[in-house]
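Architecture at a glance
The lines below spell out each chain.
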Amino acid sequence: MKTTEEKLAKSLTAESTELIPHLPYLLQDLWEMGSSPKDMLELVRKHIHVSMKTKVLDLECGKGAVSVYLAKELGRRVKGIDLIPEFIDVALEKAEEFGVGEWCEFVVGDITEAVKTEKDYDLVILGAVGDVLGNADETIRLINNTVKKDGYILIDDAYAKEKANANYLTREQWLEIFNNTGVRLVDEKIIEEDELASINNDQQEQIVKRARELKEKLPVSMWPMVSRRTSTC
Ligand SMILES: C[S@@+](CC[C@H](N)C(=O)[O-])C[C@H]1O[C@@H](n2cnc3c(N)ncnc32)[C@H](O)[C@@H]1O
């Protein structure tokens, strides 16, 4: 069974837990680290009736790109939880910068613990969270405890095209899991591979630049670790 650190490293496609202390440096130029805030907002606007009482939870919120955007556009309360304190610091700063400090609550925390206590949300966001909560079935069951009856879960993940592989399930498998866990698929927005590749390339360029700087600062014995990260993310 993977440790929390191993899952954390994997959630940011780092091959080794030794890289965790360096992730804030390597990822310093990226605010959005997974999901597109605009796509998330589009789906929320299309399906969810937002009222003064609407409560949103962003699990593994990273630097708060989705939370801050939703709080700003919807004028509603959002709580974000992430394990990396430096990411939460950025989220807090961004919330102030965008004038939504009072709508956003960002806390450092482990979502495997948070799902036991966070309850009654109208919307729970799982943006590129990987397998931190277990496999897809286990993840949905845990999230079901945090969402109100008739609430919504917004998931950003990938389908395997034809056959499931070690990382991704097929669309049919996801639908079966939704069926088994009492969840109904309301809508989906597919991002084309070209668009995704272009976003990945842009982000990769920024990370490679920071990795080169980091290599200058680290002892030679740690260089292979940085090279591995920059070649796979
Ligand atoms: C790919 S990023 C996605 C960030 C954000 N959802 C977004 O779309 O911009 C994955 C995030 O999961 C966080 N993470 C990994 N394991 C976690 C855990 N057990 N509890 C809380 N956050 C965790 C990482 O720190 C990282 O910020």
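Please read all numbers here as calculations on a predicted model, not as lab measurements.

Okay, the overall build of the protein chain next. In terms of regular secondary structure, the protein chain is built from 10 helices and 5 strands. Its C-alpha radius of gyration of 18 Å places the protein chain within 12% of the 17 Å reference for a compact globule of 233 residues. Counting only C-alpha atoms and orienting by the principal axes, one finds that the protein chain spans roughly 55 × 45 × 35 Å. Among the 233 residues that make up the protein chain, the fraction classed as buried is 31%. Considering only contacts within the protein chain whose residues lie at least 6 apart along the sequence, 69% involve residues at least 24 apart.

This part is about the site of the ligand. By nearness alone, 26 residues border the ligand, and Gly34, Ser35, Glu60, Gly62 and Gly127 come closest of all. Within the residue set of the shell around the ligand, elements represented by two or more residues are helix H1 (4-11), helix H4 (65-74), strand S2 (77-82) and helix H6 (111-117). The biggest single contributor to the shell around the ligand is H1, with 4 residues. Grouping the constituent residues of the shell around the ligand by class yields 14 nonpolar, 7 polar and 5 charged.

Phi angles above zero are rare outside glycine, and Ala128 is one such case at about 55 degrees. In this fold, Ala128 is placed in the loop between strand S4 (121-127) and helix H7 (136-144). Backbone geometry places Asp150, a non-glycine residue, at a positive phi of 70 degrees. You can see Asp150 is positioned in strand S5 (residues 147-156).

Right, let's talk about H1 for a bit. Listing the buried residues of H1 in full gives Lys7, Leu8, Ala9 and Ser11. Phi turns positive one or two residues past the end of H1, at Thr13, with a value near 50 degrees.

Let us now look at helix H5 (residues 85-97). With 13 residues, H5 should reach 18 Å at 1.5 Å per residue; the first-to-last C-alpha distance of 18 Å fits that figure. Of the positions making up H5, those classed as buried are Phe87, Ile88, Val90, Ala91, Lys94 and Ala95. In an axial view of H5, the angular spread of the buried residues amounts to 155 degrees, which keeps them on one side of the axis. Along H5, exposed side chains directed more than 90 degrees from the buried face belong to Pro85, Glu96 and Glu97. Close packing links the buried residues of H5 with helix H2 (23-26), H4, S2 and strand S3 (104-108). Gly99 lies just past H5 and shows a positive phi near 75 degrees.

Calculation notes
Residues numbered from 1 in each chain as written. Predicted model: local features only at pLDDT ≥ 70, side-chain atom pairs only at ≥ 80, totals over all residues. Helix = DSSP H or I, 4+ residues; strand = E, 2+ residues; numbered from the N terminus. Rg over C-alpha atoms; globule rule 2.2 N^0.38 Å. Buried ≥ 20, exposed ≤ 12 C-beta atoms within 10 Å, placed from the backbone. Contact = placed C-beta atoms within 7 Å. Near = placed C-beta within 6 Å. Nonpolar A, V, L, I, M, F, W, Y, C, P; charged D, E, K, R; others polar. Expected span 1.5 Å × (residues − 1). Arc of directions from axis to C-beta.

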